[in-house]
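Given next are the chains, with one letter for each unit.
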Amino acid sequence: MRDVILTLDDLNEAVAHFAKYDEFVIDLETVGDHRGVPIANEITWVALATYGRAIVIPMGHPNGDELISKDTWRKNKQTGEREVVPAVWSDPPRQLRPSQVWKALEPLLFSPRRKIAHSATFDLGSLAKYYGGRVPPRPFGCTLVAGWLLDENRLNGLKNLVQDRYRHKYDTENVGKCVEKHAFSTVARYAYLDAKYAWLLWRTMSGDLVEQNLSRIMSLELGVTECLLDMHQTGAYVDEDRLLELEHELVIKLEEIKTRLFRAAGKVFNVNSPQQKQDVLFGPKKTGGQGLKPLKLTDGGVKKKRAKEQLTYRDYSTDAETLEAYPENEVCHILLEYAEVDKLLSTYVYGYLGRNNQPRRIFNGRIHPQFKQTGARTGRFSCSAPNLQNVPRPGTELGTKVRSLFIAPPGHKLLVADWGQIELRVLAHYLGRGALYEGFLAGVDAHTATAALVFGVAWEDVTKEMRQVAKGLNFAIVYGAGPETVASMAGIPVSEAKRIMEVHETQFPEIYEFKRSVISTVRKRPGHDLTTLLGRKRRLPEIAASQGWLRGKGERRAVNSLIQGSSADLIKLAMVRLHRAVKAADSPIRLSLTVHDELVVICPEDMVDVGSKMLQEAMIGEEIQAWLKVPLTADVVVCDRWSDAKD
DNA sequence: CGCGATCGCGCC
DNA sequence: AAAGGGCGCGATCGCG
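Think of each chain on its own: its residues are numbered from 1, step by step along the sequence as written. By the order in which they are written, chains take letters starting at A while ligands take numbers starting at 1. Reporting of local features is limited, given that this is a predicted model, to residues whose pLDDT is at least 70; pairs of side-chain atoms are given and counted only at 80 or more, and all residues count toward the totals for whole chains, interfaces and linings. Just so you know, side-chain values use all the structure's heavy atoms and leave hydrogens and water out.

**Student:** Quick one: what's the story with the side chain of Lys515, residue by residue and with numbers?
**Tutor:** Within the fold, Lys515 resides in helix 20 (residues 509-524). With no salt bridge to any partner, buried Lys515 finds its closest opposite charge in Glu505, at an N-O distance of 8.7 Å. In this structure the side chain of Lys515 is engaged in a polar contact, spanning 3.4 Å, whose partner is the backbone oxygen of Ile477. Contact criterion: two residues are considered in contact whenever any of their non-hydrogen atoms come within 4.5 Å of each other. Once residues lying within four places of it in the same chain are set aside, the contact partners of Lys515 are Ile477, Gly480 and Val559. Only runs of H or I of at least four residues qualify as helices and only runs of E of at least two qualify as strands under DSSP, and these elements are numbered from the N terminus. Burial classification: accessible surface area is computed with a 1.4 Å probe over protein chains only, and a residue below 20% of its type maximum counts as buried, one above 50% as exposed, and the rest as partly exposed. His is not counted, nor are the chain ends, whereas Lys and Arg count as positive and Asp and Glu as negative. Whenever a carboxyl oxygen of Asp or Glu lies within 4 Å of a side-chain nitrogen of Lys or Arg, that contact is scored as a salt bridge. Polar contact is the term for a pair of N or O atoms within 3.5 Å; when the atoms are in protein, one must be able to donate a hydrogen and the other to accept it, and sequence-neighboring residues count only if both atoms are side-chain atoms.

This is the structure:
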């Protein structure tokens, strides 16, 4: 019996052992520019673990165990640039070919056995490309998700969990980050321990989840895992022709803006450097600066002030809010123009195309973002490589152009659905009484209803401005913002914001009672934790801190986490429901994106009616509505480009 | 050179 | 009296 599998006989013998059990761990080592991206990475090691056995299967590791010469640098005589001369290793042992390994593992991977990984979305998603895009079927297990549900505040990396639970540090060299730079035996031991420990963790965490009443939310999350695996394969379609046109347009625009900027400033400087911007804006006129008064401290500046250190203009912000305070200053005006174009060009256009030596994010006309179900402590998804949860909205012309890059493939439409005011509805559900709650029951617009009460006018006399102020107010409640934030959001004086907030408190007393009650409940709980609608926990030890500012943060987080976290629960449930319905109907519609309260679906043109119904049913059907005392609404828009789905 | 901190900003 | 909650990413800059 061997742990390191180098022959077909050994592999078949090992597979026979694994086939005796109904669950196993799988862990992969990946290489290549896209090693972190399941759709595009390359697997060079597979490790498996189950009852009584763990194995590693190398299938293309380049190194033996003897390091003959290390990495060195040399100067290229022609270009003068430094080049790396890669390390030389002894030959590795003869390994199985990937095709042999994938064939032998297929009966395990595509069986109803439970496949467990430390990030099932990553490992199982990475396998799909070797099986024609087929993702292994449920059931799954995931020690990352389990660890995160058990404690969202700790580092839930495999190494951290093993160190915490077993006091064993087996990866001081960070082997997994770059396996191809390590000796064969080093990687073999590393991969073996990864799989072995993931197995041990799964066994113990499963019990912990039951004990801590987290089994139900874990089941939901494993449904999410299943859904995310298919979403990653689907991705989002991009109009690459338009993307290249937009790149051209923005590059030219940026050059033109820079020319004007340097002429207005009277000098050339690095526009992306906050330091140089401070010199230009706040420096005295005699040294060629604009001599403007700094207004707002940076975060670093606030820290220095708190520490009672000496402040200079280097501690003041050059952000958009500051620049907008000087509308008549030409330099400020042009800097604002520059910022918008530069942001869109570098983050979105260059980001997707992989300019400046970054990895390209488009594969066969599609972007495959990684939605991370453990990405946010509240329970929300985060999204990366690239982040498609912060694509500009169709507010400005350029913003519209960026969002319009996301399209339906030929013969298809996008179905874009979002919930109306989900967070306020969750809040109203928890209140169970009062104007907000009654308003939602009566089907009136929440911001308008708030404005009517705060300004003491009839519902039909609420102006746009009043509604805007009320909207800011409602955000402030959920986020725990102060009068200054409300004032700047609504474009009114701080004194006015204070007055309005006081009126708000008299008109909506139950909201303030609810907030106080959430905070005091969390503070009294031994774990300083709260539980969301569907049973997710958030632990907030800082709510008992001695420093006032930290305690305040904990209090705002408590209120926000209950609302944001419950909304996250609901969209996860909606996604699982949609995924389940699609599978049951063997429907060709595919979930593409999830953006907190919005789902984007790809649907064949001739099925948009049934597709829209399925989507709507997934988001506001009985099983969802049963969780809330107030009704939910979901709008579905059928369109060709994401930008066409405006509110 | 790589890394982390900082600033700034896109979204809900 | 005063307090924005949650993310990811690009560019710069200082450090080892």
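Moving on from the model shown.
**Student:** Give me the pairing of strand 16 (residues 412-419): which residues, what numbers.
**Tutor:** By this definition, two strands are paired if DSSP reports at least two bridges between them. Here seven bridges tie strand 16 to strand 20 (residues 598-604), and the two strands are oriented antiparallel to one another. Each residue of the ladder has a partner; that of Leu414, found in strand 20, is Ile602. Note that strand 16 and strand 21 (residues 634-639) share six bridges and pair antiparallel. Bridge assignment links Ala417 to a residue of strand 21, and that residue is Val636.

**Student:** Can you lay out the pairing of strand 2 (residues 42-50) for me, pointing to particular residues and giving the numbers?
**Tutor:** Burial within strand 2 is extensive, with eight of its nine residues counted as buried. Inspection of the sheet shows strand 1 (residues 23-31) paired to strand 2 by seven bridges, in the antiparallel sense. Counterpart to Val25 in the pairing with strand 2 is Ala49.

**Student:** Explain the environment of Ile257 to me, using residue names and the numbers behind them.
**Tutor:** With respect to the secondary-structure elements, Ile257 resides in helix 8 (residues 240-265). Once the C-alpha coordinates of Ile257 and Leu127 are considered, the two residues, 130 residues apart in sequence, prove to be 47 Å apart. If near-sequence neighbours (up to four positions away) are discounted, Ile257 is found in contact with Ile334, Glu337, Tyr338 and Val341.

**Student:** I'd love a proper account of the sheet that holds strand 15 (residues 406-407), names of residues and values included.
**Tutor:** Taken in spatial order, the four strands line up as 11-12-10-15 in an open sheet, and their pairing is antiparallel. Strands at the two margins of the open sheet, each flanked by one partner only, are strand 11 (362-363) and strand 15. Of the strand pairs in this sheet, strand 11 and strand 12 (residues 366-367) are connected by two bridges, and their pairing is antiparallel. Its bridge partner being in strand 12, Phe363 is matched across the sheet by Arg366.

**Student:** Would you mind going over the protein's contact with DNA strand C in detail, with residue names and values included?
**Tutor:** Proximity is defined per residue: any heavy atom of the residue falling within 4 Å of a molecule or strand makes that residue near it. Ser273, Ser382, Ala385, Glu484 and Arg557 are the nearest of the 33 residues found near DNA strand C. Counting only the atoms of DNA strand C that lie within 4 Å of the protein, the sugar and phosphate share comes to 77%. Gln564 has a polar side-chain atom sitting 3.3 Å from a sugar or linking oxygen of DNA strand C. Going through the elements one at a time, helix 9 (274-282), helix 12 (330-353), strand 14 (382-384), helix 18 (483-490) and helix 21 (548-585) are the ones with two or more residues in the surface near DNA strand C. Ranked by residues supplied to the surface near DNA strand C, first place goes to helix 21 with five residues. All amino acids are sorted into three groups, where Ala, Val, Leu, Ile, Met, Phe, Trp, Tyr, Cys and Pro are nonpolar, Asp, Glu, Lys and Arg are charged, and the leftover types, Gly among them, are polar. Among the residues forming the surface near DNA strand C, the class breakdown is six nonpolar, 18 polar and nine charged.

**Student:** I'd like to hear about the state of the cysteines, residue by residue, with values.
**Tutor:** By definition, disulfides here are pairs of cysteine sulfur atoms that lie within 2.5 Å. The tally for this structure, following the rule as stated, stands at zero disulfides. Counting only cysteine sulfurs, Cys639 is the nearest neighbor of Cys603, a cysteine outside any disulfide, at a range of 11 Å.

**Student:** Kindly report on the sheet that holds strand 3 (residues 53-58), identifying the contributing residues and their values.
**Tutor:** An order of 3-2-1-8-9 is seen for the five strands of this open sheet, with the pairing classed as mixed. Single-partner strands in this sheet number two, and they are strand 3 and strand 9 (140-142). Across this sheet, the average inter-strand angle for adjacent strands is 25°, counted without regard to direction. The convention used is that axes are lines fitted to C-alpha atoms, helices contributing only their stretch in contact, and that angles between N-to-C directions extend from 0 to 180 degrees. Strand contacts of helix 3 (residues 120-127): strand 1, strand 2, strand 8 (114-117) and strand 9, with the helix running at about 75° to strand 1, the strand carrying the most contacts. Across the sheet, helix 6 (residues 184-211) is in contact with strand 1, strand 2, strand 3, strand 8 and strand 9; its angle to strand 1 comes to roughly 145°.

**Student:** I'd like a rundown of the packing of helix 18 against helix 19 (residues 494-507), residues and numbers included.
**Tutor:** At a minimum axis distance of 8 Å, the contact between helix 18 and helix 19 shows a crossing angle of 110°. When the axis of helix 18 is compared with that of helix 19, the two are roughly perpendicular. For the element pair helix 18 and helix 19, the recorded crossing hand is right-handed. Contacts between helix 18 and helix 19 involve Pro483, Glu484, Val486 and Ala487 from the first element and Val494, Ala497, Lys498 and Met501 from the second. Taken together, the residues of the contact of helix 18 with helix 19 break down into six nonpolar, no polar and two charged. Note that the term roughly parallel is reserved for angles under 35 degrees, roughly antiparallel for angles over 145, roughly perpendicular for angles of 65 to 115, and oblique for everything else. It is the rotation of the near helix from the far one that decides the hand of a crossing: anticlockwise by less than a right angle makes it left-handed, clockwise makes it right-handed.

**Student:** Requested: an account of the pattern of salt bridges, with residues and values cited.
**Tutor:** Any two side chains of opposite charge can pair if their charged atoms end up close together. On inspection of all chains with the given rule, the structure shows 38 salt bridges. Close ionic contact of Glu152 with Arg538 constitutes a salt bridge, the shortest N to O distance being 4.0 Å. Highlighted residues: Glu152 in the loop between helix 4 (143-150) and helix 5 (158-166) and Arg538 in strand 18 (residues 537-539), separated in sequence by 386 residues. For the pair Glu152 and Arg538, one class covers both residues: buried. Its salt-bridge partner being Arg260, residue Glu256 comes within 2.6 Å of it at the nearest N-O pair. Residue Glu256 and its partner Arg260 are located together in helix 8, separated by four residues, close to a single helical turn. Take Arg260: its relative accessible area is 25%, and that puts it in the partly exposed class.

All quantities given are derived from atomic positions and should not be read as evidence of function.
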